[in-house]
Amino acid sequence: MTRGDAFDVIGFDADDTLWRSEDFFQQAEALFDELVSPHAPAGIDVLDSLHAIEIDNVPISGYGVKAFALSMVQSAVTATGGRVPATVLGQIVDHAHEMLMHPVELLPGVPVTLATVGRTHRIVLITKGDLVHQLRKVRTSGREHHFEHIEVVLEKDVATYRRILDEWGIDPTRFAFVGNSVRSDVLPIVELGGTGVHVPYHVTWGHEVVDDHDGDFAELDSIDQLPDWLAATPDA
């Protein structure tokens, strides 16, 4: 009996699990710092201001590029005491549009992994963020056909996963979820009685970092290890 025999369905996160995402936010932050810092008073760290406003805005505007752009504009005005030029705000908005239209960049091993896992298991996609942008990425990724179900959510917590699995008729104890965030992709699934599979990305948004936890989950170095992990015996 293989490890994969314990699961009926394998779920996948999208951003930084199937394709690049956080890299583009990091690049946008660097541009924000370059554009806004010259207009801020001495001693003001504009990135600290951005990070604080971004977290405060999550309950209001959620996640994704559009929410991030709103936070950048708000932070630029706040950190500079309103002295930021309109041209700078225009550059921030233009860059956000570029982020929204950026082509999907699949991570190494993703096409083969989805095809391989899809031959033995039903697979689903659960991702959070802006509905329009996330669905556009799914469609343009060329991998939409692999997924039996696709759900874009406002937050990834126990209640949300429970609702989705109930709607899809999936037994949590027969479900494994693969993602790069311990906070959003792993711990809630483990709490539900499912199996979390953590595949770290080289950079993680600070809001998703969890230093201390009691969760017991699998950890792979890369997503292309997933088929072998499923095919192995549990004690291997």
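The structure we're discussing is the one just above.
Attention in this report is confined to the structure presented alongside it. All values reported here derive from a predicted model rather than from experimental measurement.

**Structural notes on the overall build of the protein**
For step 1, the next point in the chain: Broken down by element type, the protein carries nine helices and six strands.
For step 2, the next point in the chain: Computed over the C-alpha atoms, the radius of gyration of the protein is 19 Å, within 12% of the 18 Å expected from 2.2 N^0.38 for a compact globule of 236 residues.
For step 3, the next point in the chain: Summarising the internal contacts of the protein: among those between residues at least 6 apart in sequence, 70% fall at separations of at least 24.
For step 4, the next point in the chain: As displayed, the protein offers around 11,200 Å² of accessible surface, 54% of which is attributable to carbon and sulfur atoms.
For step 5, the next point in the chain: Taking the average place of the 16 positive charges on the side chains of the protein and the average place of its 38 negative ones, the gap between the two points comes to 7 Å.

**A word on the pairing of strand 1 (residues 9-12)**
Within a regular strand, the side chains alternate between the two sheet faces.
For step 1, the next point in the chain: Across the two faces of strand 1 the burial is the same, with Val9 and Gly11 and Ile10 and Phe12 all buried.
For step 2, the next point in the chain: Direction of pairing for strand 1 relative to strand 2 (residues 122-128): parallel, over a ladder of four bridges. When the sheet's bridge partners are listed, Phe12 is paired in strand 2 with Leu125.
For step 3, the next point in the chain: Of the pairings in the sheet, the one linking strand 1 to strand 4 (residues 175-179) comprises four bridges and is parallel in character. What sits directly across from Ile10, in strand 4, is Ala176.

**Concerning the sheet that holds strand 5 (residues 195-198)**
For step 1, the next point in the chain: Taken together, six strands build an open sheet; the order of strands is 3-2-1-4-5-6 and the sheet is parallel. If you trace the sheet from one side to the other, it starts and ends with strand 3 (149-153) and strand 6 (218-219), each paired once.
For step 2, the next point in the chain: For strand 5 and strand 6, the ladder comprises two bridges, and the chain directions are parallel. By the bridge assignment, Val197 is partnered in strand 6 with Ala218.
For step 3, the next point in the chain: Packing against the sheet, helix 6 (residues 131-140) makes contact with strand 2 and strand 3, and its axis sits at approximately 150 degrees to strand 3.

**Looking at the packing of helix 1 (residues 22-36) against helix 3 (residues 65-79)**
For step 1, the next point in the chain: Running from N to C, helix 1 and helix 3 point in directions that differ by 15 degrees, and their axes come no closer than 11 Å. Relative to helix 3, helix 1 is oriented roughly parallel. You can see that helix 1 and helix 3 cross each other, and the crossing is right-handed. Each of Phe25, Ala28, Glu29, Phe32 and Val36 in helix 1 lies in contact with helix 3, whose residues at this interface are Val65, Phe68, Met72, Ser75 and Ala76.
For step 2, the next point in the chain: Classifying every residue of the contact of helix 1 with helix 3 gives eight nonpolar, one polar and one charged.

**Some details on the packing of aromatic side chains**
For step 1, the next point in the chain: Evaluation of the coordinates by the stated rule reveals four aromatic pairs.
For step 2, the next point in the chain: Ring centres 5.1 Å apart and planes at 65 degrees place the aromatic pair Phe25 and Phe68 in the edge-to-face group. Of this pair, Phe25 sits in helix 1 while Phe68 sits in helix 3, and the two are 43 residues apart along the sequence.
For step 3, the next point in the chain: Assessed through its relative accessible area of 2%, Phe68 is described here as buried.

**Overview of the pattern of salt bridges**
For step 1, the next point in the chain: According to the stated counting rule, one finds twelve salt bridges in the structure shown.
For step 2, the next point in the chain: Of the charged contacts in the structure, one is a salt bridge between Asp8 and Arg174, with a shortest N-O distance of 2.9 Å. Of this pair, Asp8 sits in the segment before strand 1 while Arg174 sits in the loop between helix 7 (158-168) and strand 4; the two residues are 166 residues apart in sequence, bridging distant segments of the chain.
For step 3, the next point in the chain: A relative accessible area of 36% places Asp8 in the partly exposed class.
For step 4, the next point in the chain: Among the ionic pairs, Asp23 bridges to Arg20, the shortest N-O distance being 3.3 Å.
For step 5, the next point in the chain: Looking at Arg20, the relative accessible area reads 23%, which means it is partly exposed.
For step 6, the next point in the chain: Through salt bridges with shared partners, a single network forms among Asp13, Lys156 and Asp185.

Quick notes on the rules
- Residues numbered from 1 in each chain as written.
- Predicted model: local features only at pLDDT ≥ 70, side-chain atom pairs only at ≥ 80, totals over all residues.
- Heavy atoms only, no water.
- Helix = DSSP H or I, 4+ residues; strand = E, 2+ residues; numbered from the N terminus.
- Rg over C-alpha atoms; globule rule 2.2 N^0.38 Å.
- Contact = heavy atoms within 4.5 Å.
- Areas by Shrake-Rupley, 256 points an atom, 1.4 Å probe, with all protein chains shown as cover.
- Lys, Arg positive; Asp, Glu negative; His and termini not counted.
- Charge placed at Lys NZ, Arg CZ, Asp CG, Glu CD.
- Buried < 20%, exposed > 50% of the residue type's maximum accessible area, 1.4 Å probe, protein only.
- Pairing = 2+ DSSP bridges.
- Axes fitted to C-alpha atoms, helices over the stretch in contact; angles between N-to-C directions.
- Parallel < 35°, antiparallel > 145°, perpendicular 65-115°, else oblique.
- Left-handed = near helix turned anticlockwise from the far one by under 90°.
- Nonpolar A, V, L, I, M, F, W, Y, C, P; charged D, E, K, R; others polar.
- Phe/Tyr/Trp six-rings, centres within 6.5 Å; stacked < 30°, edge-to-face > 60°.
- Salt bridge = Lys/Arg side-chain N within 4 Å of Asp/Glu carboxyl O.

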